[in-house]
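# Reading the structure
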Amino acid sequence: MRYLLFAALALAAGCARAAEQPAAAPAVPDSATTINAATELARRYTEAWLTADGAAVAATFTESGTAAFLGFPTTTGRQGIQSLYASAFQALGHPKGGLLSVRLARAVAPGTLGVLGTSWDTFDSSGTARTTYWRWAATVRQEADGQWRFAYLMGFPDSVTRK
C-alpha cells in the first residue's frame, strides 16, 4: 500500500511539472533561412545607400532601431536615423560605390538574428575619391510584415588595410 501511495504521488508530481511547461516557442530559423534573410537585408540597405536616400536607408531599421557608427552620434528611432543619414549624405556627397556584406548570421531566438559583416564605401566629396572599409555587427528582427530590419547596427572602421 505504501508503494502504491508513493507511486501515485510521483505520478501526480510528474503531471504537475508537465502542466507547468510553457507552450512551445516558434521554431528558430534554420541556417539557410538565417543567411538569406541577413543577405537580403544587406542588399536592401546597400541599394538605399547607393541612391543616397536617407528615408530608404532608415526603412531598413525597425521603428525603434539604433544606428551607432564611430564618428557619428548614436541615434535611435527611424526618424532620427533618417536625419543622420541625410546629414551624412549632405556632408559627404553621393556615394560613388559601396557594399554591405554578411559574413556570419545566426538565429539567437525566434525572429531575431545576430549578424556580423564587412562593408566599404567610396565618396568623392573633394575631387579625390576616398574609400573606407568597415566592420559591422547587428541585431536583426523580423517584424509583423515579415520584413527583417536592423534593430541595432554598429559600424567601426576596419583595422586591416586593403589594397
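Residues numbered from 1 in each chain as written. Predicted model: local features only at pLDDT ≥ 70, side-chain atom pairs only at ≥ 80, totals over all residues. Heavy atoms only, no water.

### A closer look at the overall build of the protein chain
Broken down by element type, the protein chain carries four helices and six strands. Reading the helices (α) and strands (β) of the protein chain from amino to carboxyl end gives α-α-α-β-β-α-β-β-β-β. Within the protein chain, buried positions represent 36% of all 163 residues. Taking as baseline every contact in the protein chain between residues at least 6 positions apart, the subset at least 24 positions apart corresponds to 51%. For the protein chain, the exposed surface amounts to about 9,800 Å²; the carbon and sulfur share of it is 59%. (Helix = DSSP H or I, 4+ residues; strand = E, 2+ residues; numbered from the N terminus. Buried < 20%, exposed > 50% of the residue type's maximum accessible area, 1.4 Å probe, protein only. Contact = heavy atoms within 4.5 Å. Areas by Shrake-Rupley, 256 points an atom, 1.4 Å probe, with all protein chains shown as cover.)

### What about the nonpolar core?
Formed by 28 residues in total, the largest nonpolar core has its most connected members in Y45, F61, Y85, F150 and L153. Mapped by element, the contributors of at least two residues to this core are α2 (31-50), α3 (54-58), β1 (61-69), α4 (78-92), β3 (97-109), β4 (112-123), β5 (130-142) and β6 (148-157). Counting residues per element, this core draws most heavily on α2, at seven residues. In contact with Y85, not counting residues within four places along its chain, are Y45, W49, G54, V57, F61, F69 and L153. (Core = buried A, V, L, I, M, F, W, Y, C linked by side-chain atoms within 4.5 Å.)

### Things to note about the sheet that holds β3
Strand order in this open sheet of six strands is β2-β1-β6-β5-β4-β3, and the pairing throughout is mixed. Pairing within the sheet leaves two strands with one partner each, and these edge strands are β2 (75-76) and β3. Strand direction decides the pairing type here: β1 and β6, joined by five bridges, are parallel. Across the sheet, the residue bridging to A68 is M154, located in β6. Across the sheet, α4 touches β1, β2, β4 and β6, and the angle it forms with β1 is around 45 degrees. (Pairing = 2+ DSSP bridges. Axes fitted to C-alpha atoms, helices over the stretch in contact; angles between N-to-C directions.)

### Examining α4
Taking 1.5 Å of rise per residue, the 15 residues of α4 would be expected to cover 21 Å, and the 21 Å separating its terminal C-alpha atoms lies within 8% of that figure. Restricting attention to buried positions, one finds in α4 the residues I81, L84, Y85, A88 and F89. Taken end-on, α4 shows its buried residues confined to a sector of 130 degrees, consistent with a single buried face. Among the exposed residues of α4, those pointing more than 90 degrees away from its buried face are Q79, Q90 and A91. Where the residues of α4 are buried, they touch α2, α3, β1, β2 and β6. Where α4 terminates, the next one or two residues include G93, which has phi positive at roughly 95 degrees. (Expected span 1.5 Å × (residues − 1). Arc of directions from axis to C-beta.)

### What to know about unusual backbone geometry
A positive phi is found at A52, a non-glycine position, where the angle reads about 55 degrees. Counting through the fold element by element, A52 comes out in the loop between α2 and α3.

### What about α2?
With 20 residues, α2 should cover 28 Å at 1.5 Å per step; its first-to-last C-alpha distance of 28 Å lies within 8% of that length. Buried residues of α2: T34, A37, A38, L41, A42, R44, Y45, T46, A48 and W49, and no others. Just beyond α2, the residue with positive phi is A52, at close to 55 degrees.

### Comments concerning the pattern of salt bridges
Any two side chains of opposite charge can pair, so long as their charged atoms come close to each other. All chains considered together, the criterion is met by seven salt bridges. In this structure, R78 and E63 form a salt bridge, with 3.2 Å as the shortest nitrogen-oxygen distance. Highlighted residues: R78 in helix α4 and E63 in strand β1, separated in sequence by 15 residues. In this structure, D158 engages R135 in a salt bridge whose closest nitrogen and oxygen atoms are separated by 3.0 Å. Of this pair, D158 sits in the segment after β6 while R135 is found in strand β5, placing the two residues 23 residues apart along the sequence. The class of D158 is buried, set by a relative accessible area of 12%. Assessed through its relative accessible area of 35%, R135 is described here as partly exposed. Connected via shared salt-bridge partners are E63, R78, E143, D145 and R149. (Salt bridge = Lys/Arg side-chain N within 4 Å of Asp/Glu carboxyl O.)

Read these as spatial facts, not as claims about activity.
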